[in-house]
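Overview (structure and organization)
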Amino acid sequence: MCFLGMAPVQQASAATAAVASVQQTKQATGYVADSQGPLIGATVMEKGTNNGTVTDFNGFFTLNVKPGATIVVSYVGYVSQEVKAGDNLKINLKEDGHVVNEVVVIGYGTQRREAVTGSVANIGGEKLNQVAATNAAQALQGRVAGVLMTQTSSKPGAEMQIRIRGQRSLTASNDPLIVLDGIPFMGQLSDINPTDIKSMDILKDASATAIYGSRGANGVIIITTVKGTQGAPAKVTYNGYVSFKKVFHKYPMMDGPTFSKMRQYAGIYQNSLDESESTNTDWQDLYYQTGISHNHDLSVSGGTNGGSFSFGAGYYKDESVVPTEGYDRISVRGNFDQKIGKWFRFGLSTNNSYRKTQGVNNMYAVLGSSPLSSPYDENGNLKRYNALPADDQIVVTKETVERDKDVWMSENKGIGTYNTLFAELKCPWIEGLTYRINVGLNFRSSKSGSFTGTGINNKDANAVNSGSIYENQTRNWAVENLLTYDRTFAEKHNLNVVAMYSAEQTTYEQTGASAQEIPADYFQYYALDKATGQANLTGYNYWQSGLVSWMGRVMYSYDNKYMISAALRSDASSRLAKGHQWHTYPAVSAGWNIARENFMENLKWIDNLKLRVGYGETSNQSINPYSTLGGLATRNYNFGSTYKSGYYVNSLPNPELGWEYSKTWNFGLDFSFFNGRLSGSFEYYTQKTNDILLNVKLPDTSGVSSYTGNIGNTENKGWEFSLNGIIIDNKNGWNWEAGINFYQNRNKLTKLATNDPDGKDEGNLWFVGHPIDVIYDYEYVGLWQKGEEAAMNILEPGGNAGMIKVKYTGDYDANGLPTRQIGPDDRQIMSMEPDLVGGFNTTIGYKNFDLTVIGSFQIGGKLISAIHSSNGYLNMLSGRRNNLDVDYWTENNTGAKYPKPGGIMSSDNPKYGSTLGYFNAGYLKFRTITLGYNFDKLQAVKDLGISRLRLYATVQNPFVLFSPYNNESGLDPETNSWSNENTAVGYSFGSHRMPIVGYNTPATRNFIFGVNVTF
């Protein structure tokens, strides 16, 4: 089959030569692994010759050798082994030295670390699981330079926002591609049990990601799950822990005496009949609980003759400190691969999960409740509500929430199944040539339901009930055909060639309904069709999209000294307009390992010193399907005496809609000194994104609100530095290793479709020459004081001492006084980008003890705190409802930060109250401190057949240092909400959202006790 294209006579001649060659050689086959599973990219050489190969993605190799030959198996960081050539060899290498895990997955193949020419970071599953987390993104925080994990919700089971080297697009997706066991993953990271992960490889620059085409525009995270070991006996592993959660710090609300004093000073509101000066209720104490979480994982792995297997199941339950809130996940995964004969292998990998998120959260009612009011009436019974001077405040405590949990509920249930099948055929006549087919079959469904019973959350005990339900499902298939040629010639020439053709299709469906006046509360949201009140069908959606691709890549290295890689990929997307669906991406990168040059041979302390440079192009088509076609929407109207619904055009078609594409340069330096005891890398990159996909607003006179076009450019540039060191190496039983990384990214809009000559789009807060995410508001500079009336009367007519003073940008007269009052022209564009972001980790070991500390830090940047801002309605300083406990201005406290209570107001808040919500976002955070003890060496443990036994205790989120926000409020400086959530009035950032601190589930400090055991 490998003689296709030859003439018949040529075929016969070639076949005869091939048979003669086979008769003079013998085929050696086998499997190379370590204690954790297959070793990818191990070198297999026929001793005394230049004949060699490397192990494949599953640790297998095939090599034609002379009869009686000896083969040498080597792998960086491991002791080499020599064995007699044979069939189905099982070779287990032992670690040696400090440089391990030196092979990385780069997409459709692997490379040894020293041969990588693109920007690729790797973190092993063992290090990943040093942090007990719901999903891998939480465990990855601060561990990889250039990868920013941002919390967008503090509720159990919430996903994190992942950004690799900043954001590029305005309205299209900035999320990276996730590849699970070789196939693009269509689920969420929380669907994957972190303990099932063997390694994560992060491709950061376009020279590395271009091989994934349009899907790799925002970076690629490749996840490889745990596999078995060929020929190894079955081993059983259990990992489990229990966690106790406490609130990291309560929201800093006023207590009774403090609130009463502020209210009296403001002079706007008087105590209501439900309030008393003798009452001092801490509503947060009545609401929070100790959250108890636990995780259990059980797996079985091993191997057969020519194959391996691994199966596992896990259960994770996360209980919040907010009553009824929680997250449950059941996961089942399995994989096996089997060799049949000498040329054929096949296998399957499956990851499945059931998840449930539940609970209601009314933090605003808890925080806004007056501390002068009580939840109980004179008979000791819980009240329905408390009447405040201007509001009726619902009573919310742990007791009321648990009492009403069956009639006040919100939950989301879902399943996901992600399956990859592969078959691999080696060409017997051409060594190193392999054909492989990967088939991905994926399905994900979700059902969200909510119900509010009769009179729940309402002053009126007879208020009608309501319910809603939304269901969606996503189906995806993908097929990849791969042809790979991988050979080592004369020991020094390594050549890897890959060709691929693939196709995939995704289908999405969503339905929804809501209704009022459901006959009985016990129906909850399951019988909306029985409702007698208003009912609506909402949220219906359907789309289908497809992608067809071809790709070719060549990687060559000479003597591990000079390396070059070139790739070309072309994608066709159904989401874009006819005639613009295809786009081709080139990528090229090169490396030079200076340490292997002859002039460096006397510098024995330098193990590796490699320069890298890469250029690549990627593109983005992550917009809603059918955006090229325009859209229709419905509108209700009266036609005479008849109520009708009609259609109108809400977006115009764009038959010229094409790809958003980026061009990236990457420059890198990798180094390793002192036999691997000190290693690291430095990177500098620039990325320019053109033809940004954007919903362009149209004038009202057009009759249409917008259309989707390729209008706008952005730019990202930055640098990254990582350093790892082994400080003490087994000296008198002591070991100490540490690592640190830090990076900086700068992005800005360089072009934007706008009618403003200065490139402003105030509605979306986009400004040419500035970052994508900015604050556009007045800038707080202090408070007006007595004696400043001359300037204040001009800038703030009718103002008062103690009100907020904002930056003035106008002119001054001859007397040094401003010439106008404060107005919209004084608003400032303020960047939210940090000056520096990074992370650190260290592990100290003494004999069988180990202590690990993991943390992260940020210098500069802006943090938006909705609870301090006028958007949160918790810092009104009027006494209307409870207030943050802040340092406010009085005649006897003129150096305060916050304005005078009862001063000039705007929408029930201090004028310019939004400026109070902007903080320096810097912090140094210790995320995890773990103390463990290994019992492996105890004879009593070995006698029980236990090969590994470790007990550990962990404290998560123990403390925060150097945080202006934490210093003032005591709160965790990490964001916990999207800007349109968990505030009384959502922030308006137009077409995009930004993370903020809102009144969401509070951050917690967790105490974990766990065990790892293997039989």
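Residues numbered from 1 in each chain as written. Predicted model: local features only at pLDDT ≥ 70, side-chain atom pairs only at ≥ 80, totals over all residues. Heavy atoms only, no water.

The protein is annotated in an unreviewed UniProt entry as Receptor antigen RagA from Xylanibacter ruminicola. As stated in UniProt under Sequence similarities (unreviewed entry), the record for the protein gives "Belongs to the TonB-dependent receptor family." One UniProt comment on the protein, placed under Subcellular location (unreviewed entry), says "Cell outer membrane". (UniProt positions renumbered as here; feature names shortened; annotations may be inferred.)

Description of the pattern of salt bridges
Under the defined criterion, the tally for this structure stands at 51 salt bridges. One salt bridge connects Lys 250 with Asp 282, and the closest N-O pair in it is separated by 2.6 Å. With Lys 250 in the loop between strand E18 (235-247) and helix H5 (256-266) and Asp 282 in the loop between H5 and strand E19 (291-304), this residue pair connects regions lying 32 residues apart in the sequence. What emerges from the salt-bridge pattern is a single network uniting Arg 165, Lys 204, Lys 610, Arg 612, Asp 670, Glu 683 and Glu 720. (Salt bridge = Lys/Arg side-chain N within 4 Å of Asp/Glu carboxyl O. Helix = DSSP H or I, 4+ residues; strand = E, 2+ residues; numbered from the N terminus.)

Things to note about the pairing of strand E39 (residues 706-710)
Bridge analysis of strand E35 (residues 642-652) against E39 gives two bridges, and the strand direction is parallel. In the sheet register, Ser 651 faces E39, and the bridge partner there is Ser 706. Strand direction decides the pairing type here: strand E38 (residues 693-697) and E39, joined by five bridges, are antiparallel. Among the inter-strand pairings, Asn 695 is bridged to a residue of E39, identified as Thr 708. (Pairing = 2+ DSSP bridges.)

A short note on the packing of aromatic side chains
Within the structure shown, the criterion is met by 33 aromatic pairs. Between the aromatic rings of Tyr 31 and Phe 60, the centroid separation amounts to 5.0 Å while the plane-to-plane angle is 55°, which identifies the pairing as tilted. Highlighted residues: Tyr 31 in strand E1 (residues 26-34) and Phe 60 in strand E5 (residues 60-65), separated in sequence by 29 residues. The same class applies to Tyr 31 and to Phe 60, which are both buried. Here the aromatic rings of Tyr 585 and Trp 659 are separated by 6.3 Å at their centres, their planes lie at 85°, and the arrangement is edge-to-face. (Phe/Tyr/Trp six-rings, centres within 6.5 Å; stacked < 30°, edge-to-face > 60°. Buried < 20%, exposed > 50% of the residue type's maximum accessible area, 1.4 Å probe, protein only.)

Quick look at the confidence of the model for the protein
Taken over all residues, the pLDDT of the protein has a mean of 89, while the share at 70 or more is 96%. Across residues 1-23, confidence stays below pLDDT 50; counting only partners more than four residues off in sequence or on other chains, it has 12 contacts. Below pLDDT 50 for its whole length, residues 97-101 participates in 12 contacts with residues either more than four positions away or in separate chains. (pLDDT = per-residue confidence, 0-100. Contact = heavy atoms within 4.5 Å.)

Notes on unusual backbone geometry
Its identity as a non-glycine residue notwithstanding, Arg 165 has a phi of 55°, on the positive side. Here Arg 165 shows up in the loop between strand E13 (160-164) and strand E14 (177-180). Of note, the phi angle at Asn 982 is positive, near 55°, even though the residue is not glycine. Positionally, Asn 982 belongs in the loop between strand E56 (977-978) and strand E57 (995-996).

Observations concerning the side chain of Glu 597
Its location among the elements puts Glu 597 in the loop between strand E32 (582-593) and strand E33 (606-620). When its relative accessible area of 11% is taken as the criterion, Glu 597 is described as buried. Here Tyr 562 takes part through its side chain, which lies 2.6 Å from a polar atom of the side chain of Glu 597. Those residues in contact with Glu 597 that lie beyond four places of it in its chain are Lys 561, Tyr 562 and Trp 592. (Polar contact = N/O pair within 3.5 Å; in protein donor to acceptor, adjacent residues only side chain to side chain.)

Things to note about the pairing of strand E28 (residues 493-516)
Note: strand E27 (residues 466-489) against E28, 24 bridges, orientation antiparallel. Paired with Leu 483 across the bridge in E28 is Ala 499. Linking two consecutive strands that pair antiparallel, namely E27 and E28, is a turn of three residues; a positive phi of about 50° is found at Ala 490 within it. Pairing between E28 and strand E30 (residues 541-558): 18 bridges, direction antiparallel. The residue bridging Asn 494 from the neighbouring strand is Ser 557, located in E30. Here E28 pairs with strand E29 (residues 535-537) via three bridges, running antiparallel. In the strand pairing of E29, Ser 514 is matched with Asn 536.

Quick look at the sheet that holds strand E11 (residues 120-124)
Judged by pairing direction, the sheet is mixed, and its five strands sit side by side in the order E11-E16-E17-E14-E15 without closing on themselves. Each having just a single partner strand, E11 and strand E15 (183-184) make up the two edges of the open sheet. Here E14 pairs with strand E17 (residues 220-225) via four bridges, running parallel. By the bridge assignment for E17, Leu 177 is matched with Val 220.

Side note on the side chain of Asn 239
Relative to the helices and strands, Asn 239 is located in strand E18. Under the relative-accessibility criterion, Asn 239 is labelled buried at 18%. Among the polar contacts made by the side chain of Asn 239, one reaches the side chain of Asn 1012 at a distance of 2.8 Å. Those residues within four positions of Asn 239 in sequence are excluded, and the remaining contacts are Asn 295, His 296, Asp 297, Val 1011, Asn 1012 and Val 1013.

As for the domain arrangement of the protein
A common way to express how large an interface is: the accessible area buried when the components associate. As far as domains go, the protein holds domain 1 (26-92) and domain 2 (103-225). Once you take the C-alpha centre of each, domain 1 and domain 2 turn out to be 30 Å apart. For the pair domain 1 and domain 2, the summed buried area comes to about 610 Å², and 65% of that belongs to carbon and sulfur atoms. Inspection of the region where domain 1 meets domain 2 yields zero salt bridges. Joining domain 1 to domain 2, the criterion identifies one residue pair in polar contact (both at pLDDT 80 or more). Looking at side-chain class alone, the side of domain 1 that touches domain 2 contains five nonpolar, three polar and no charged residues. (Domains from an automatic or database assignment. Buried area = accessible area lost by both parts, 1.4 Å probe. Nonpolar A, V, L, I, M, F, W, Y, C, P; charged D, E, K, R; others polar.)

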